[in-house]
Amino acid sequence: MKRPGRRGWNDYADMLRMVMDHPGTTSEVAARYGMAIRSMREVLYVMRDAGLIVECAWRSSVTGERLQAVWSTQGPPAPRPAGMRPAVAPVRMPQLSRFCALVAALMSGAWSPADVADEVAANVNRVRPLMRHLCTRRLAYVEQWRPTHGGWPVPVYRWGPNRSSAKRPKPRLESEAWREKHQKRRRRLFWVHMIFLTAGVK
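These notes cover the structure that comes with them. (Residues numbered from 1 in each chain as written. Predicted model: local features only at pLDDT ≥ 70, side-chain atom pairs only at ≥ 80, totals over all residues. Heavy atoms only, no water.)

### A short note on the packing of aromatic side chains
So, step 1. Scanning the model with the defined rule gives two aromatic pairs in all.
So, step 2. An angle of 45 degrees between the planes, with centres 5.9 Å apart, marks the rings of Tyr 12 and Phe 99 as tilted. Of this pair, Tyr 12 sits in helix α1 (residues 9-21) while Phe 99 sits in helix α4 (residues 94-108), and the two are 87 residues apart along the sequence. You'll find Tyr 12 and Phe 99 in the same group, each marked buried.
So, step 3. Positioned above the aromatic ring of Trp 9, the side-chain terminus of Arg 126 is 4.0 Å from the ring centre.
So, step 4. One residue, Arg 168, lies across the ring of Trp 152, its end atom 3.9 Å from the ring centre. (Phe/Tyr/Trp six-rings, centres within 6.5 Å; stacked < 30°, edge-to-face > 60°. Helix = DSSP H or I, 4+ residues; strand = E, 2+ residues; numbered from the N terminus. Buried < 20%, exposed > 50% of the residue type's maximum accessible area, 1.4 Å probe, protein only. Lys NZ or Arg CZ within 6 Å of the ring centre and 35° of its normal.)

Right under this line is the structure:
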């Protein structure tokens, strides 16, 4: 059964997870996801060019008339059969290209939603739910929680299939943040005073 409507970032994450769990040909992946073969082929070509998936092997079609690529997220790409022309990705698939850029950023390091949104010029309000969906699909995880001056800490995400996320700590109250800042200031003034005393300055 075909899935109607426009495709979004969560859909691309689901497709990537499907290829990770069940490597297969374009027609097999399209059938599992409920999507037209031509549309799925375009998606897979863009993901391949972004370095997210590879053509890991070549398999004869059911009729034996031609060879089909087997898509996977693991292993080096298999050499293209002799005489087969390289497949070209569609010229414009901006939403998919931005999704691939987000995943590539997570593969390169740990990012907060706001930081990775700035990195790929995306709207942070769209990036936040994608990060949560990637964690739900066990494609990414929360590496740590960045403390703030008040309120809930900020999650810092990293790419890592099947990794467990760090538990979210309790929020810091404004009074706690102020008290910590005041204590740091008192310690700094104490050491400045000690330096002056040591130098003989009264």
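### A few points about the layout of surface pockets
So, step 1. In this model, the largest pocket occupies a volume close to 280 Å³.
So, step 2. Surrounding the largest pocket, 17 residues form its lining, Arg 41, Tyr 45, Arg 66, Leu 67 and Ala 69 being those nearest its centre.
So, step 3. For the lining of the largest pocket, the elements supplying multiple residues, two or more each, are α2 (26-33), α3 (37-49), β2 (54-60) and β3 (67-72).
So, step 4. In terms of residue class, the lining of the largest pocket is built from nine nonpolar, three polar and five charged. (1 Å grid on protein atoms, 1.4 Å probe; cavity = no way out; pocket = protein on both sides within 12 Å on 5 of 7 lines; lining within 4 Å. Points joined across faces, edges and corners; volume = space filled by probe spheres on them. Nonpolar A, V, L, I, M, F, W, Y, C, P; charged D, E, K, R; others polar.)

### A look at α3
So, step 1. Relative to the 18 Å expected for 13 residues at 1.5 Å per residue, α3 spans 18 Å between its end C-alpha atoms, a close match to the ideal helical length.
So, step 2. Every buried residue belonging to α3 is among Met 40, Val 43, Leu 44, Tyr 45, Val 46, Met 47 and Arg 48, and all of these are buried.
So, step 3. Those residues of α3 that are buried are in contact with α1, α2, β2, β3 and α4.
So, step 4. Of the residues one or two after α3, Gly 51 is the one with positive phi, at around 85 degrees. (Expected span 1.5 Å × (residues − 1). Contact = heavy atoms within 4.5 Å.)

### Here we look at the pattern of salt bridges
So, step 1. By the definition in use, this model includes eight salt bridges.
So, step 2. Note that Arg 48 is salt-bridged to Asp 49, the shortest N-O span being 2.9 Å.
So, step 3. Note on Arg 48: relative accessible area 16%, which makes it buried.
So, step 4. Linked through salt bridges whose partners overlap, the residues forming this network are Arg 48, Asp 49, Glu 55 and Arg 80. (Salt bridge = Lys/Arg side-chain N within 4 Å of Asp/Glu carboxyl O.)

### Focus: the packing of α2 against α3
So, step 1. At their nearest, the axes of α2 and α3 sit 9 Å apart, and the two run at 110 degrees to each other. One element, α2, and the other, α3, form an angle in the roughly perpendicular class. By crossing handedness, the relation of α2 to α3 is classed as right-handed. Within the contact between the two elements, α2 uses Thr 26, Ser 27, Val 29, Ala 30 and Tyr 33 and α3 uses Ile 37, Met 40, Arg 41 and Leu 44.
So, step 2. Within the contact of α2 with α3, the residues separate by chemical class into six nonpolar, two polar and one charged. (Axes fitted to C-alpha atoms, helices over the stretch in contact; angles between N-to-C directions. Parallel < 35°, antiparallel > 145°, perpendicular 65-115°, else oblique. Left-handed = near helix turned anticlockwise from the far one by under 90°.)

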